[in-house]
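# Residue-level structural notes
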Amino acid sequence: MNPFNKIVVTDIIELLPDSIANQIAAGEVIQRPASAVKELLENAVDAGATEIKLLIVDAGKSLVSVIDNGKGMSETDARMAFERHATSKIKKIDDLFSIKTMGFRGEALASIAAVAQVELKTKREKDELGTCIEIENSVVKNQEPCATSIGTTISMKNLFFNVPARRNFLKSNASEMKHIIDEFIRVAMSFPEIVFTLSSNGQQIYYLEAGSLKQRIIQILGNNYNAKLVSVNEQTDYLNIYGFVGKPETAKKTRGDQYFFVNNRFIKSAYLNHAVNTAFENMLAKDSFPSYVLFIDLDPSQIDINVHPTKQEIKFEDEKIVYAFVQAAIKHALAQFSIAPSLDFTLNADIQNLDAVHKPFTTEHKQQATASNLFKTFTGKHQAHKIEPNEKSELKHWKDFFTTRPIVEINNEPEVEQKIQYNQLQNVESLFIQLHKTYILTTNQAGFLLVHQQHAHERVLYEKYSAYSHNKQIATQKNLFPITFELATPDAILLEDLMPEIITIGYQIEPFGNNTFIIQGTPADVGTGNEKHSLELLLEQFKHFSSDIKYSKREKLVRCISRQQAIKAGTTLSITEMQNLLESLFQCTTPNVTPTGNPTYIEFKEDYLDRMFGKM
Ligand code: ADP
Ligand code: MG
């Protein structure tokens, strides 16, 4: 035995070198090019710029550059800006509770400098010469006075050049570009008074002139919103809500154009989204989602934004009040524009008189607030959301809204085991009865089945589309005349990204430049005249799914198209159609549930029926 193999281990803890510590910390803030875009745009906004240009090369993997005409930095500040926890936006801990700027953690520039090569050029109005700094891997390579225009230009080159593992983790250019555009839109939407431009690989994608919020929304979401926006505007002492909701006809099949900003910060909130949905209740087709761009401004002390640096979630001091205001404000707006038939209460006066609104918040005031008349009107029968004093109950309704139904168990046997052979059906003289244009009642040897026609068809289509692949393509139905159509930029990028998968499910599409595409053919299940609509719907549904990392792109598309093309509940079926559907269903590998786990049929066995009637 070689005695040198045995190393004597004593102390084992070491301090990480600064460069590694910085890279680890940077991982929290900068995950992809879009994270840098968000931080740099927000810094330009905080600097008071009136014009902000974003230049992207190679989906931000080679270059993200932000040019602003804001207040610029002094020579010392320019150097300091790259230190971790260096910020001009808070000085003491109390400032955290009154933040009005977008940034405050002093981490963005330090993080970017830790994982990329950075060039900064900046000049204040009063200075004759500006400052240029080059930093790489958190190390200053060069700093010198230079001639530059007023404001700041920051260029981030070769993101993750020093962390190859993370660079490899970046997604396709189309996907990274989509994230960049999302961040760009979120910042541009909340500052319509600032001119924003975005160019990618030398091509201008957006030029957003300064204007009103409405103009900005139309510039971003498209001209089809013109004359279809209803203005929302409620001012109270506790909070202000303003912005626009789309008239019911602009509602989408999936959550598409939905934007919430709290103190100008884009946030995601399923809870507030629910408030908007319920305000629209009965005005929208089932399964469609309203479009909205809404701004909530309230005292910064009533919210906590000091959560994870990149999380788009915030905590409200009192969530219920915000929910109630959002819902009421939208109902009010819809009623004023005669979109909703009536209004159950007058909003402004009541809300203004509420103790909760004009007095500081204490537990006592909260109790008074929940007991007040306004809150009682919220619990009235036309108000979908009930505010109940019971702490947990108000969430119940909301949860129901999101959870999918569990698989039904009949006869105490788990549904999965209930696979029935079709020959079992054939052996008896099957009877097919359609109930409520939704269910098919049919007999089998053991008893009878109640089949949900839409669920059943979704399963059949799902297995059919899943069976096709790149080598084995599905039957395509050629269009007599090619159909051209144009998409909004983010959708065009998404479609290009999905092209190879979309082709395998039977679409024949080609890009035609300038966000335009030509449809030459569609899957045989898509009816003539529906080609464009079906594709738009597919993209919408895909977006709905897109954050779900469980599934591949192809799997998501297959799920979307099967759901989209399934015979809908409410469609009358002939005996032959019912018979064909059931035949195909029981040829499936998993006939008993839809891809999302809803039952396709329920079996009622004879002995179960007997037991129900007390015969056993
Ligand atoms: P934070 O924005 O949280 O303060 P950052 O790391 O993003 O932290 O920026 C650090 C500081 O650098 C800012 O507080 C600001 O003083 C300065 N700074 C950053 N970007 C700009 C800019 N575009 N114009 C002027 N000053 C800037
Ligand atoms: Mg910042």
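Now for a look at the structure at hand. (Residues numbered from 1 in each chain as written. Chains lettered and ligands numbered in written order. Predicted model: local features only at pLDDT ≥ 70, side-chain atom pairs only at ≥ 80, totals over all residues. Heavy atoms only, no water.)

Here we take up the nonpolar core. The biggest cluster of nonpolar side chains holds 66 residues, and the ones touching the most others in it are Leu 41, Ile 52, Leu 54, Met 189 and Phe 196. If one sorts the elements of this core by residue count, helix α6 (residues 173-190) sits on top with eight residues. Counting only domains with at least three residues in this core, you end up with domain 1 (18-208) and domain 2 (215-336). With residues up to four places along the chain from it excluded, the contact list for Met 189 reads Leu 213, Arg 216, Ile 217, Ile 220, Leu 221, Tyr 259, Phe 261, Val 293 and Phe 295. Listed in part, the 36 residues of the second largest apolar core include Leu 96, Phe 104, Ile 305 and Val 322. (Core = buried A, V, L, I, M, F, W, Y, C linked by side-chain atoms within 4.5 Å. Buried < 20%, exposed > 50% of the residue type's maximum accessible area, 1.4 Å probe, protein only. Helix = DSSP H or I, 4+ residues; strand = E, 2+ residues; numbered from the N terminus. Domains from an automatic or database assignment. Contact = heavy atoms within 4.5 Å.)

Looking now at the sheet that holds strand β19 (residues 476-486). Taken together, three strands build an open sheet; the order of strands is β19-β21-β20 and the sheet is antiparallel. Strands at the two margins of the open sheet, each flanked by one partner only, are β19 and β20 (508-511). Averaged over all adjacent pairs, the angle separating strand axes in this sheet is 15°, with direction ignored. Alignment of β19 against strand β21 (residues 516-523), held across seven bridges, turns out to be antiparallel. The partner of Thr 476 across the bridge, within β21, is Pro 523. (Pairing = 2+ DSSP bridges. Axes fitted to C-alpha atoms, helices over the stretch in contact; angles between N-to-C directions.)

This brings us to the state of the cysteines. Taken as a whole and judged by the stated rule, the model has one disulfide. The disulfide bridge from Cys 132 ends at Cys 146, spanning 2.0 Å between sulfur atoms. Judged by the torsion about the S-S bond (75°), the Cys 132/Cys 146 disulfide is right-handed. Residue Cys 132 is found in strand β4 (residues 130-136), and its partner Cys 146 is found in strand β5 (residues 139-146); the two are separated by 14 residues along the sequence. A single burial state applies to Cys 132 and to Cys 146, both of which are buried. (Disulfide = S-S within 2.5 Å.)

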